[in-house]
Structures are given as C-alpha cells and as structure tokens.
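# A closer look at the structure
For reference, the chains in residue letters:
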Amino acid sequence: GEDVEQSLFLSVREGDSSVINCTYTDSSSTYLYWYKQEPGAGLQLLTYIFSNMDMKQDQRLTVLLNKKDKHLSLRIADTQTGDSAIYFCASSSGGSYIPTFGRGTSLIVHP
Amino acid sequence: EPEVTQTPSHQVTQMGQEVILRCVPISNHLYFYWYRQILGQKVEFLVSFYNNEISEKSEIFDDQFSVERPDGSNFTLKIRSTKLEDSAMYFCASSEAQLGAFFGQGTRLTVV
C-alpha cells in the first residue's frame, strides 16, 4: 500500500521561510494534501494539489510537486509563531478516496 | 464555516466496556471516515462510509468495531469491548469526494 514519509522535526526562526518535505510511494497518487494539527486540536486541511500540477500557491503557502521523484513540499513564507504545529502530508489514489497520512512534521518557530 | 463536530471530546472507559463515539459531519458531504491517532504515531485510517454502507476498511477495523449513520446526520463509531490499546484520539472526517476530508476536533479515548 501507499507509504508517506516525512521528517519528524523542523525548527525555524520567526520571519524565515519553512520548507516541509514529504515523499510518497504510490505513483498513481492523484491528490496530495497538507494538513495542520495544532496542539490538542483536529486536523485542518491547509491545501491540496492535483497530481497534474507542479505548483500551487495560496497566500503564504506554496506547494511544490515533483511527480517524477514522488516528492511534495510545503513552503511557508514569513513563518510566524502561530504556525507552530504538526504538518501532515497525505495522498490518495484515484481508485480510493482515502488519504494516507505521513507521521507529521513538528514545526517549531522560535523568536 | 461548516465543520465536523465530535462528541465527547474526552471519554474514559474501563477495559471491556462498550463505547460509542459520535460525529456530525458537514451536511452536504457524502463520504464519512473514522481515523485514529495513537499518541505520537501516524494518523491511521479505520473505515470509510458511503451510501449507508462501509466502502473501505483497514485491518485495524476488526469485528469489535462498527459504524452507523442512525438518523441521516450523525455518524457513530462503536467499539464493543475496549482494550487498553484502543486508547487513542479518534477523528471523524467527511468529504464531498476527493477534495480533501475535513476533520473534527477528535475524541480522546482513554481505556483504563
């Protein structure tokens, strides 16, 4: 089945850009998602990208997809302390609507 | 903004007892899901539900689990005889299709 991998931690200084990386195994993945989980809260859908796109920008968020390398990244510009959370990469394949999640990357933003 | 609502937020139960976790999905969504997250681990898919039946389930979703949409708005997960290892955060989610599931705040289940 699909496997999604992410690094566990990322620490950045406030105001810098953050880049969270993700790799997936299923080449038939058609939808790729980024979710945010703040402490004690549920998963909030941040953005998603279709596999026929290379990039999607939404305000401070930029998603890059390298389909050849099965690599997805989330860039957060001008990272703020309120961005501190766990960020989950997820993918789903055309035959299933079920997102498979990575372990999540804990983003720590320090002053 | 519409949201998925889960109750209770925290449930403590004794091992062997039955629990029912409740969810109210977003009203125009057609696909419903339960996931769980054991502390510090991945968010794991349990089951999906569409058109009043289970459409997919994982190997975690064994005979002690069941789901129901009893009244057209609620979506419940029942665990028949809880085990210590069932302790986790349980998330309900709903979606229109493949546009990304929206998750509730979760129910923290603690089995003692």
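We now turn to the structure provided with this report. (Residues numbered from 1 in each chain as written. Chains lettered and ligands numbered in written order. Predicted model: local features only at pLDDT ≥ 70, side-chain atom pairs only at ≥ 80, totals over all residues. Heavy atoms only, no water.)

## With respect to the sheet that holds strand β3 (residues 19-24) of chain B
All names here are of chain B. The strand order across the open sheet built from four strands is β1-β3-β8-β7, with neighbouring strands paired in antiparallel fashion. Strand pairing shows two members of the sheet lacking a second neighbour, β1 (5-7) and β7 (65-68), which therefore form its edges. Strand-to-strand twist of the sheet, defined as the mean angle between neighbouring strand axes without regard to direction, takes the value 20°. Pairing geometry for β7 and strand β8 (residues 75-79), over four bridges, is antiparallel. Bridge pairing links Glu 68 to Thr 76 in β8. (Pairing = 2+ DSSP bridges. Helix = DSSP H or I, 4+ residues; strand = E, 2+ residues; numbered from the N terminus. Axes fitted to C-alpha atoms, helices over the stretch in contact; angles between N-to-C directions.)

## Side note on the state of the cysteines
All names here are of chain A. Per the stated rule, a full pass over the model turns up two disulfides over all chains. Note on cysteine connectivity: Cys 22 is disulfide-linked to Cys 89, with sulfurs 2.0 Å apart. The sign of the -65° torsion about the S-S bond sets the Cys 22-Cys 89 disulfide as left-handed. A residue pair is termed long-range when its members are at least 10 positions apart, and Cys 22 in strand β3 (residues 18-24) and Cys 89 in strand β9 (residues 85-93) qualify at 67 residues. (Disulfide = S-S within 2.5 Å.)

## So, the packing of aromatic side chains
Counted according to the given criterion, the structure contains 18 aromatic pairs over all chains. When the ring of Phe101(A) is compared with that of Phe103(B), the centres are 5.7 Å apart and the planes differ by 85°; the resulting orientation is edge-to-face. Of the two residues, Phe101(A) sits in strand β10 (residues 100-101) while Phe103(B) sits in strand β10 (residues 102-103), which places them in two different chains. Since its relative accessible area comes to 2%, Phe101(A) is described here as buried. Exposure remark for Phe103(B): the relative accessible area of 9% places this residue in the buried category. (Phe/Tyr/Trp six-rings, centres within 6.5 Å; stacked < 30°, edge-to-face > 60°. Buried < 20%, exposed > 50% of the residue type's maximum accessible area, 1.4 Å probe, protein only.)

## Points about the interface of chain B and chain A
Contacts between chain B and chain A engage 20 residues on the former and 25 residues on the latter. Here chain B and chain A share an interface that buries about 1900 Å² over both sides, 58% of which is from carbon and sulfur atoms. Taken together, chain B and chain A are joined by one salt bridge. One salt bridge in this structure joins Asp3(A) and Lys42(B), with 3.1 Å as the shortest N-O distance. Taken together, the links from chain B to chain A amount to five residue pairs in polar contact (both at pLDDT 80 or more). Secondary structure elements with two or more residues in the side of chain B that touches chain A: β4 (31-37), β5 (43-50) and β10 of chain B. No other element matches the four residues that β4(B) contributes to the side of chain B that touches chain A. Residue classes in the side of chain B that touches chain A are distributed as eleven nonpolar, seven polar and two charged. (Contact = heavy atoms within 4.5 Å. Buried area = accessible area lost by both parts, 1.4 Å probe. Salt bridge = Lys/Arg side-chain N within 4 Å of Asp/Glu carboxyl O. Polar contact = N/O pair within 3.5 Å; in protein donor to acceptor, adjacent residues only side chain to side chain. Nonpolar A, V, L, I, M, F, W, Y, C, P; charged D, E, K, R; others polar.)

Structural measurements only, silent on function.
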